Amino acid sequence: MKYIRKLNYYVRYLLGLLTQNPSLVVQEFLEDFKKDKQAINLKKNHNLVWICSLPKSGSTLVEDIISFYPYVKLDRSLTRFFSKGDLKHIHDISHELIESAPKNKLSFIKTHTHFSESIFNICNKYDLKVIFTFRDIRDVFISRYYHIVSDKSHRHHKIISSMPEKKGFISSFEKNHLNVKEPVLEYYYNWINNWQTKKDTINHLELWYEDYVHNNDFFLERIINFIGENKSSLLSLKNFLNQKKSRNKKKSLSKLINDKSKGVSTFRSGKINNWKIFFDEEITKKFNESLPGPLDLVLKK
């Protein structure tokens, strides 16, 4: 059964790539093959890094950093025979997913998995190297709002984009506005709070996007140390990130969202504390009223 699931996933993934961009298939395969050759000579005490994050919290940045090294994206490579397994939630991870990572190669995966006891048990069973990325939840929702407006495929695009900016932003988080089972702001709040409560019992690195803006060298060095890479690679890594940032600045957010390559980024402005400008008295009141608990509980201590 596991083999059939892996085969089905592999075939669907290959056909999807060939339909979208055949040349991308060859390009990404060669890149991943080259990384696997490099990884053969590396001695690591792990074979998989899991980036666990809320959207708009810097996870794509961390993904770029990890992919600079010989790590292949587990669920986006023709060099990996992969299956997500049986998932109760679209963002979950499973034993089958983790076991898909080849023992003699380096892989990474990025998800938006919320905390549950079953996920917690998986982390400890496989001693996963987990990187959590957090960000001020107010800036997260500003970034999320602009993403919805720019992404025509988003389920709330038509509703939110047809409203004036302030009303649209409030509607993007306020209870009962969008007919969703669980208010998004409540879900995001609980996501941060639940992982913060349990994080110290698993092998993890906690990152806040604000730290990258304040001191990106220190931010990058923490990741380099966590995955066991050489500190001498810092300068090359910074050049790699700056080049990608320069390329992405020339593209609109809409174009970035619709990029089909695995290096896709939805980076917009990258600013921190933008909420201080964006939030007025009314927005602040409605935002705080929509939270299921104190704001301070999900901000960096």
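Now for a quick tour of the structure. (Residues numbered from 1 in each chain as written. Predicted model: local features only at pLDDT ≥ 70, side-chain atom pairs only at ≥ 80, totals over all residues. Heavy atoms only, no water.)

Things to note about the overall build of the protein
Consideration 1: Each helix and strand in the protein was counted, giving 15 helices and five strands.
Consideration 2: Here the protein, with 301 residues, has 51% of them falling under the buried criterion.
Consideration 3: In the structure as shown, the protein presents an accessible area of about 15700 Å², 52% of it carried by carbon and sulfur atoms. (Helix = DSSP H or I, 4+ residues; strand = E, 2+ residues; numbered from the N terminus. Buried < 20%, exposed > 50% of the residue type's maximum accessible area, 1.4 Å probe, protein only. Areas by Shrake-Rupley, 256 points an atom, 1.4 Å probe, with all protein chains shown as cover.)

Considering the pairing of strand β3 (residues 107-111)
Consideration 1: Across the five residues that make up β3, a large majority, four, are buried.
Consideration 2: Pairing geometry for strand β1 (residues 48-53) and β3, over five bridges, is parallel. Bridged to Leu48 within β3 is Ser107. (Pairing = 2+ DSSP bridges.)

Some points on the packing of helix α6 (residues 137-150) against helix α8 (residues 165-173)
Angle between the axes and distance between the axes are the two parameters that describe a pair of packed helices.
Consideration 1: Relative orientation of the contacting elements α6 and α8 amounts to 110°, with a least axis distance of 10 Å. The orientation of α6 with respect to α8, classified from their angle, is roughly perpendicular. Residues Phe141, Ile142, Arg144, Tyr145, Tyr146 and Ile148 of α6 form the contact with α8, whose participating residues are Glu165, Gly168, Phe169, Ser172 and Phe173.
Consideration 2: By residue class, the composition of the contact of α6 with α8 is seven nonpolar, two polar and two charged. (Axes fitted to C-alpha atoms, helices over the stretch in contact; angles between N-to-C directions. Parallel < 35°, antiparallel > 145°, perpendicular 65-115°, else oblique. Contact = heavy atoms within 4.5 Å. Nonpolar A, V, L, I, M, F, W, Y, C, P; charged D, E, K, R; others polar.)

Comments concerning the nonpolar core
One recurring pattern in soluble globular proteins is that nonpolar side chains are buried together.
Consideration 1: Trp50, Ile137, Phe141, Phe169 and Trp195 are the most contacted members of the largest nonpolar core, which has 49 residues in total.
Consideration 2: Element by element, the count of residues in this core is highest for helix α9 (residues 184-198), at eight residues.
Consideration 3: Residues Val62, Leu106, Ile131 and Phe219 belong to the second largest nonpolar core, which totals 26 residues. (Core = buried A, V, L, I, M, F, W, Y, C linked by side-chain atoms within 4.5 Å.)

Remarks on the pattern of salt bridges
Consideration 1: Under the counting rule described, the total for this entry stands at 15 salt bridges.
Consideration 2: With its nearest N and O atoms 3.4 Å apart, the salt bridge here joins Arg76 to Glu28. With Arg76 in the loop between β2 (72-73) and α4 (95-99) and Glu28 in helix α2 (residues 22-39), this residue pair connects regions lying 48 residues apart in the sequence. Of the two residues, Arg76 and Glu28, both sit in the buried class.
Consideration 3: Among the charged side chains, a salt-bridge network with shared partners connects Asp36, Arg80 and Lys105. (Salt bridge = Lys/Arg side-chain N within 4 Å of Asp/Glu carboxyl O.)

Topic: the pairing of β1
Consideration 1: In terms of burial, β1 is a largely internal element, six of the six residues being buried.
Consideration 2: Side chains Leu48, Trp50 and Cys52 project from β1 onto one buried face, and the interleaved Val49, Ile51 and Ser53 project onto a second face that is buried too.
Consideration 3: Across five bridges, the pairing between β1 and strand β4 (residues 129-134) is parallel. Residue pairing for β4: Ser53 is matched across the bridge by Thr133.

Structural notes on the sheet that holds strand β5 (residues 204-208)
Consideration 1: In space, the five strands of this open sheet follow the order β2-β3-β1-β4-β5, with parallel pairing throughout. Both edges of this open sheet fall to β2 and β5, since each of them pairs with a single strand only.

Points about a nonpolar patch on the surface
Consideration 1: There is a patch of nonpolar side chains on the surface, built from Val26, Phe29, Leu30 and Phe33 and spanning about 380 Å² of accessible area.
Consideration 2: Along the polypeptide, Phe29 turns up in helix α2.
Consideration 3: Exposure remark for Phe29: the relative accessible area of 35% places this residue in the partly exposed category. (Patch = residues over 30% accessible without salt bridge, like charges linked within 9 Å, V, L, I, M, F, W, Y side chains within 5 Å.)

Focus: the packing of aromatic side chains
Consideration 1: Following the criterion strictly, the structure yields 24 aromatic pairs and no others.
Consideration 2: Between Tyr145 and Tyr146, the aromatic rings sit 5.2 Å apart at their centres with planes inclined by 65°, giving edge-to-face as the arrangement.
Consideration 3: Here the aromatic rings of Trp275 and Phe279 are separated by 6.3 Å at their centres, their planes lie at 80°, and the arrangement is edge-to-face.
Consideration 4: A residue is classified by how much of its surface remains accessible, and Phe279, at 10% relative accessible area, is buried.
Consideration 5: Aromatic ring contacts, followed pair by pair, group Phe141, Tyr145, Tyr146, Phe169, Phe173, Tyr187, Tyr188, Trp275, Phe278, Phe279 and Phe287 into a single cluster.
Consideration 6: A cation over an aromatic ring shows up here: Lys129 above the ring of Phe226, its NZ or CZ 4.2 Å from the ring centre.
Consideration 7: A cation over a ring is seen here: Lys198 above Phe120, with NZ or CZ 5.4 Å from the ring centre. (Phe/Tyr/Trp six-rings, centres within 6.5 Å; stacked < 30°, edge-to-face > 60°. Lys NZ or Arg CZ within 6 Å of the ring centre and 35° of its normal.)

A look at unusual backbone geometry
Negative phi values dominate among residues other than glycine, just as trans dominates among peptide bonds.
Consideration 1: Its identity as a non-glycine residue notwithstanding, Asp127 has a phi of 45°, on the positive side.
Consideration 2: Here Asp127 shows up in the loop between α5 (117-125) and β4.
Consideration 3: One non-glycine residue with positive phi stands out, namely Asn273, at about 55°.
Consideration 4: If you trace the backbone, Asn273 turns up in the loop between α13 (253-257) and α14 (275-278).

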